[in-house]
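In case you want the letters, here they are:
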Amino acid sequence: MRTRRSALGCSSSRSVSGAVTLVTLAALHTVTAAYVLADTTDNPQRMWDPEKGSILGQGVPAFGLENVTVTNQTAQLGSTAFLHCQVRNMADKQSPFVFHQVSWIRRRDYHILTSGLHTYSRDERFGVVRPEDADDWALQIKFVQKRDEGAYECQVSTKTGRYGYLVNLKVVVPEAVISGSSERHVQSGSTISLLCIIEGSLTPPQFIFWYHNNKMINYDQSRGGITVTMDHHDLTTSRLTINNASLKDSGNYSCSASNIKPSSVNVFVSEGDKTAAIQRLGSGSLSVTTSACGTWASLLLCVQLFLLCVTHLLLSNGT
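Residues numbered from 1 in each chain as written. Predicted model: local features only at pLDDT ≥ 70, side-chain atom pairs only at ≥ 80, totals over all residues. Heavy atoms only, no water.

**Student:** Could you give me a rundown of the pattern of salt bridges, with the residues and numbers involved?
**Tutor:** If you walk through the whole model with that rule in mind, you get six salt bridges. In this structure, the salt-bridge partner of glutamate 149 is lysine 146, at a minimum N-O distance of 3.2 Å. Between aspartate 249 and arginine 223 there is a salt bridge, with its nearest N and O atoms 2.6 Å apart. Note that aspartate 249 is positioned in the loop between strand E18 (236-242) and strand E19 (251-256) and arginine 223 in the loop between strand E16 (215-216) and strand E17 (226-232), a separation of 26 residues in sequence. Within this structure, Asp123, Arg125 and Asp148 form a network of salt bridges that share partners. (Salt bridge = Lys/Arg side-chain N within 4 Å of Asp/Glu carboxyl O. Helix = DSSP H or I, 4+ residues; strand = E, 2+ residues; numbered from the N terminus.)

And the structure:
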């Protein structure tokens, strides 16, 4: 009898325990659902819906499953490029605590550069930037090089398909151009004036440097008479002015700036106007030659007269 009562007591205890467990699970489910629903407004990324999910680029509308949207972006050599990819509804609707990873892939060699917040590249210039609770997963490329040109894909794979957002990156290399011919001829004592123009620059350089035979002369105080001025209007320009040029100022002059292709010219400084001197020398030679020719003609005439006189005397004596 005691054994039967003990068994009934254990059964009652198990029933009560099971009921408590069910109540606890129900409460937990209610709290979890309430948390997710409450979080929908504050952070929509936790509510992933494969049918409504989207990957957005700046100014690019949402696109459907398995489609790839393509956009173009330009960066300047040596700058830092940010390839933006906005991803919303990151959480799985059926599994709210399961989140999908956003990956950046370089299409040239299909190398996975980043996945989530982790970087999988030995090149430390690559990384992912995502502000806390933001929709933007930006691929960061520091010190952009010409070899970085090409397509990069922002990709999110889900159990129902794949989302892709393709960015074609173009790298521009600004160029310095010295206006005028590649050779300049100036006289000693005159002024050398060279104008350098920066073309194709997305971000104007703060400084432009001038070099004479590979030596920077922007701040050369030893020679004196050198001035450099800059202008940042429609185009960035720099003018080099050298007063009272001398033979030592002859040589190669170049202008350049950071991450900009340089330009150069050759300057030749001569003493006075040698062309006029040569012309004067040639004119004098011609005068001397003319005078000499006149003297020889007179001498020849004299000789002819002398021979005529001698001939006349011989004929007279003979008769």
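Alright, that's what it looks like, and here's the rest.
**Student:** Describe the environment of valine 186, listing the residues and the values that go with them.
**Tutor:** Mapped onto the elements, valine 186 comes out in strand E13 (residues 183-187). Residue valine 186 is classed as buried on the basis of its relative accessible area, which comes to 17%. For the pair valine 186 and serine 246, spaced 60 residues apart in sequence, the C-alpha to C-alpha distance is 9.4 Å. What valine 186 contacts, discounting residues up to four positions off in sequence, is Ile192, Val267, Phe268, Val269 and Ser270. (Buried < 20%, exposed > 50% of the residue type's maximum accessible area, 1.4 Å probe, protein only. Contact = heavy atoms within 4.5 Å.)

**Student:** Explain the nonpolar core to me, and be specific about the residues and the numbers.
**Tutor:** One finds Leu83, Trp104, Leu139, Ile141 and Tyr152 to be the most contacted residues of the largest nonpolar core, which totals 23 residues. Elements with a contribution of two residues or more to this core: strand E3 (81-83), strand E5 (102-106), strand E8 (126-129), strand E9 (138-141), strand E10 (150-158) and strand E11 (161-172). Among the elements that make up this core, the one with the highest residue count is E11 (five residues). Apart from the residues within four sequence positions on either side, leucine 83 is in contact with Gln73, Trp104, Trp137, Ala138, Leu139, Ile141, Tyr152, Val167 and Leu169. Counting 21 residues, the second-largest nonpolar core is a separate cluster that includes Cys196, Ile198, Trp210 and Ala245. (Core = buried A, V, L, I, M, F, W, Y, C linked by side-chain atoms within 4.5 Å.)

Read these as layout, nothing more, since geometry by itself doesn't imply function.
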